[in-house]
Amino acid sequence: MVARKFQIVGAGADRKIQTTARGYEVLRDPGLNKGTAFTKAERQALQIDGLLPPVVTEDLAPQLERAYAAYHEAPTDLDKHIYLWRLHDNNVTLFYALLQEHLLEILPVVYDPVVGEAIEHYSEVFTRPRGIYLSINEPETVEQKLANFGAGPGDIDLLVASDAEAILGIGDWGTNGVDIAIGKLAVYTAAAGISPYRVVPVILDVGTDNEKLLNDPLYLGYRHGRTRGKAYDDFIDAYVTAARKLFPKALLHWEDFGSTNARRIINRYRGTIPTFNDDEQGTGAIVVAALLNAVRRSGTPWAEQRVVVYGAGTAGAGIADQIRDHIASQGLSKEEATRRIWLVDEPGLLTDDLKDGLLDYQLPYARPHAEVADLKRTRVETDPNAETRWPELAALREKLTNGIIDLATTVDAIKPTILIGTSTKPGSFTEEIVRNLASHVERPIIFPLSNPTALHEATPAHLIEWTDGKVLVATGAPFDDVEYKGVTYKIAQANNAALYPGVGLGVITARAKIVTDEILFAAAKAVAGQATDDTLGASLLPSNADLRTTSSAVAVEIVRTAINQGIAEAKIDDPVEAVRETQWWPVYLPVEAV
Ligand SMILES: NC(=O)C1=CN([C@@H]2O[C@H](COP(=O)(O)OP(=O)(O)OC[C@H]3O[C@@H](n4cnc5c(N)ncnc54)[C@H](O)[C@@H]3O)[C@@H](O)[C@H]2O)C=CC1
Ligand SMILES: CC(=O)C(=O)O
Ligand SMILES: [Mg+2]
């Protein structure tokens, strides 16, 4: 995240930093600054002797103590978030050391859910830029702006880009969405050890349809509605072309695009370059990881599972696809596997009579109308001013005046064994729906995944109570343990953050040419393999406290998979050692003046 005037040289215990910077330039570079930990010899060589208090602390411990106390002094979560990024702007190593030491506590403040709040308040709290701001109004400047980051072709491993149309579940946040790219990258470093000096956060400003931003005098992005169509696609292409030219080895990660663009973009590039859509592919894989453990515990084979996904957008359909592929791998045809999945969205259960109003990736799941013709229709109030997530939805809303097959009716009719929520609709897994579902299944699997926390379809405490402790649950945001009838239920966080950092580390280590479905499944299996305790109440996924271990395990499996698939460009003898060598750790290295 920081263009640098230094380089890290050597390997293993011999790593050190070399720099041409001197004096205040050293102290003001957050990648170089060690504050009171500069040794006397370093202070002299770097010409900073006398620019620091005289005590040499040599290691991070006293600085961590001071920073942690200051973190706790910050009164609100948003203040804590702001404090942490100011710390980062002063000392990158200390920021990540603090994050690593208190990962469970601080991750939700750097990332989901508090990053959502930071995005909503970006215009008010902005102090300094931390990413690359590209605008659809100036497509011809894309390459120059990326070049202004100041990095060479071999210096960058990863770019995270967002156009901020669907930030978490909070919608369109225009240029403010740069913070999701920054937050995602912080997790890459904290969870997997991807070097913070080899990554670039990018906001693709295509305008915003958020009236609040358009009317906010402090808004920092371009003040016009979202551009769509050919100009949008050309702009995305300009970004990909420039990124590939300037940083030919880098993995391109896409985050929080709207449901009409996300799938199209990844399908366009995934066959030819290393690229990955986190909401579709990362979420699909982390859900498969949690399901590998949940299905084993449920005792019902994959081929007999009945899956309802509520909210069939980027994440929901991505999840459906990976579940379908896994069911198909259990001996069913792809068509049979598809029939095990029911998608429910705003128009209710998706059926083939609605096909003119559905997105292409929803279509394969549309149920034959005849199959559900007898089901009850529930009249819904349609708000003519409601956001139109895809153009055909507006027409569909009119067509649905006779009512929809809603979630409650679908659950009653289908008797699902697995219910997944990616709808952004809080509380939609009601007591009635959950009790009904649980009355048909021994161990119901229910994953309310909508972020941030307030948007969850149900809380784990409710799900546990309504199913009398039988539910196998995973959530999108972090939740505390739940005590129920003498059992402690540890709540798995099925957030793509538990998976994508390891994917990135593996792809970067292997220099994989593309990100294949096999890579995603290897990642899912590796994550699941870190949580094998099947006792009642045990989490379906490893704790976020162990993210470094999980991500390393994921990365090693990905390197192996990439080598086996013949798509690894790096020459690797020992995947474990190769992954370890790629990782960056928040420790102070000796600094040499050159
Ligand atoms: N746990 C995790 O790792 C992840 C969670 N998510 C969460 O999933 C949610 C959806 O994200 P995306 O798929 O990226 O957004 P999206 O906008 O692509 O999809 C949302 C879908 O929900 C549907 N929807 C909206 N209101 C509805 C209603 N009342 N009833 C039924 N369906 C409704 C929309 O029509 C749309 O198809 C967000 O809250 C997001 O934070 C997304 C990615 C990863
Ligand atoms: C976790 C994530 O990527 C989302 O909620 O969009
Ligand atoms: Mg996302």
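Residues numbered from 1 in each chain as written. Chains lettered and ligands numbered in written order. Predicted model: local features only at pLDDT ≥ 70, side-chain atom pairs only at ≥ 80, totals over all residues. Heavy atoms only, no water.

The protein chain is annotated in an unreviewed UniProt entry as Malate dehydrogenase (Oxaloacetate-decarboxylating) from Pseudochelatococcus contaminans. Recorded in UniProt under Sequence similarities (unreviewed entry), the annotation for the protein chain is "Belongs to the malic enzymes family." (UniProt positions renumbered as here; feature names shortened; annotations may be inferred.)

A. Main features of the sheet that holds strand β16 (residues 492-493). Pairing within the open sheet is mixed, and its seven strands lie in the order β10-β9-β8-β11-β12-β13-β16. Because the sheet does not close on itself, it has two edges, and the strands there are β10 (348-349) and β16. Here strand β8 (residues 307-310) runs beside strand β11 (residues 418-421); their pairing, made up of four bridges, is parallel. Bridge pairing in β11 places V307 opposite I418. Sheet contacts for helix α19 (residues 407-414): β8, β9 (341-345), β10 and β11; angle to β8, the most-contacted strand, approximately 175°. (Pairing = 2+ DSSP bridges. Helix = DSSP H or I, 4+ residues; strand = E, 2+ residues; numbered from the N terminus. Contact = heavy atoms within 4.5 Å. Axes fitted to C-alpha atoms, helices over the stretch in contact; angles between N-to-C directions.)

B. Layout of the domain arrangement of the protein chain. By the assigned domains, the protein chain splits into domain 1 (126-276), domain 2 (282-494) and domain 3 (498-582). Between the C-alpha centres of domain 1 and domain 2 the distance comes to 30 Å. Buried area between domain 1 and domain 2, summed over both chains or domains, comes out near 870 Å², and the portion from carbon and sulfur atoms is 60%. Taken together, the connections running from domain 1 to domain 2 amount to one salt bridge. Note that D321 and R263 form a salt bridge whose closest N and O atoms lie 2.8 Å from each other. Linking domain 1 with domain 2 are three residue pairs in polar contact (both at pLDDT 80 or more), by the criterion used here. Considering only residue class, the side of domain 1 that touches domain 2 consists of five nonpolar, four polar and one charged. (Domains from an automatic or database assignment. Buried area = accessible area lost by both parts, 1.4 Å probe. Salt bridge = Lys/Arg side-chain N within 4 Å of Asp/Glu carboxyl O. Polar contact = N/O pair within 3.5 Å; in protein donor to acceptor, adjacent residues only side chain to side chain. Nonpolar A, V, L, I, M, F, W, Y, C, P; charged D, E, K, R; others polar.)

C. Structural context of empty space enclosed by the protein. A complete count under the given rule lists three cavities of 30 Å³ or more for this structure. Of the volumes computed, that of the largest cavity is approximately 210 Å³. Sorting the residues of the lining of the largest cavity by element identifies α4 (77-90), α7 (114-120), α8 (122-125) and α10 (178-192) as the ones contributing at least two each. If one sorts the elements of the lining of the largest cavity by residue count, α4 sits on top with five residues. Taken as a whole, the second largest cavity holds about 80 Å³ of empty space. (1 Å grid on protein atoms, 1.4 Å probe; cavity = no way out; pocket = protein on both sides within 12 Å on 5 of 7 lines; lining within 4 Å. Points joined across faces, edges and corners; volume = space filled by probe spheres on them.)

D. Summary view of the confidence of the model for the protein chain. Of all residues in the protein chain, 98% attain a pLDDT of 70 or more, and the chain-wide mean is 95. Confidence metrics for the complex model read pTM 0.97 and ipTM 0.99. (pLDDT = per-residue confidence, 0-100.)

E. Representation of the packing of α4 against helix α6 (residues 103-110). Orientation of α4 relative to α6, taken along the N-to-C sense of each, is 95°, at an axis distance of 9 Å. With respect to α6, the axis of α4 lies roughly perpendicular. Residues D77, K80, H81, L84 and W85 of α4 touch α6, and the partners they reach there are I106, V109 and V110. Taken together, the residues of the contact of α4 with α6 sort by class into five nonpolar, one polar and two charged. (Parallel < 35°, antiparallel > 145°, perpendicular 65-115°, else oblique.)

F. Focus on the site of ligand 2. In the vicinity of ligand 2, the contacting residues are Y111, L168, K184, E255, D256, D278, D279, N451, N495 and N496. The side chain of E255 places a nitrogen or oxygen atom 3.0 Å from an oxygen atom of ligand 2. Contact with the protein chains removes 89% of the 220 Å² of surface that ligand 2 exposes when unbound. Each residue belonging to the shell around ligand 2 can be placed in one class, and the counts come to two nonpolar, three polar and five charged. (Near = heavy atom within 4 Å. Areas by Shrake-Rupley, 256 points an atom, 1.4 Å probe, with all protein chains shown as cover.)

G. Spatial organisation of the packing of aromatic side chains. Summed over all chains, the structure comprises 12 aromatic pairs. With a centroid separation of 5.2 Å and an interplanar angle of 90°, the aromatic rings of F6 and Y197 are classed as edge-to-face. Residue F6 is found in strand β1 (residues 6-9), and its partner Y197 is found in the loop between α10 and β5 (199-205); the two are separated by 191 residues along the sequence. On the basis of relative accessible area, F6 is assigned to the buried category, the value being 6%. Accessibility expressed as a relative area gives 4% for Y197, which makes it buried. An angle of 90° between the planes, with centres 4.7 Å apart, marks the rings of F95 and Y96 as edge-to-face. The residues F95 and Y96 share a single accessibility class, namely buried. Through a chain of ring-to-ring contacts, the aromatic side chains of F6, W85, F95, Y96, Y197 and W584 assemble into a single cluster. (Phe/Tyr/Trp six-rings, centres within 6.5 Å; stacked < 30°, edge-to-face > 60°. Buried < 20%, exposed > 50% of the residue type's maximum accessible area, 1.4 Å probe, protein only.)

H. Up close: the sheet that holds strand β17 (residues 591-593). Pairing is mixed across the open sheet formed by three strands, whose spatial order is β1-β2-β17. At either margin of the open sheet sits one strand with a lone partner, and together these are β1 and β17. Strand-to-strand twist in this sheet, taken as the mean axis angle between neighbours without regard to direction, amounts to 30°. Looking at chain direction, strand β2 (residues 16-19) and β17 are connected through three bridges and run parallel. Bridge pairing links Q18 to E592 in β17.

I. Molecular detail of unusual backbone geometry. Cis rather than trans, the peptide bond between D112 and P113 has omega equal to 15°. Examined against the element boundaries, P113 turns out to sit in the loop between α6 and α7. Following N451, the chain continues to P452 via a peptide bond in cis, the omega torsion being -10°. By secondary structure assignment, the location of P452 is in the loop between β12 (445-448) and α21 (460-466). A positive phi angle is found at D256, which is not glycine, with a value near 60°.

J. Structural context of the UniProt feature "active site" (unreviewed entry) in the protein chain. Per the UniProt record, "active site" (unreviewed entry) is annotated on Y111 and K184. Over a stretch of 74 residues, the named residues converge on one spot in the fold, their C-alpha atoms separated by at most 7.0 Å. Lining the second largest pocket, out of the annotated residues just given, are Y111. Classification of Y111 by relative accessible area gives buried; the value is 3%. In contact with Y111, not counting residues within four places along its chain, are G183, K184, V187, N495, N496, A497 and Y500. Looking at Y111, its side chain comes within polar contact range of the side chain of K184, at 2.8 Å. Note on placement: K184 falls in helix α10.

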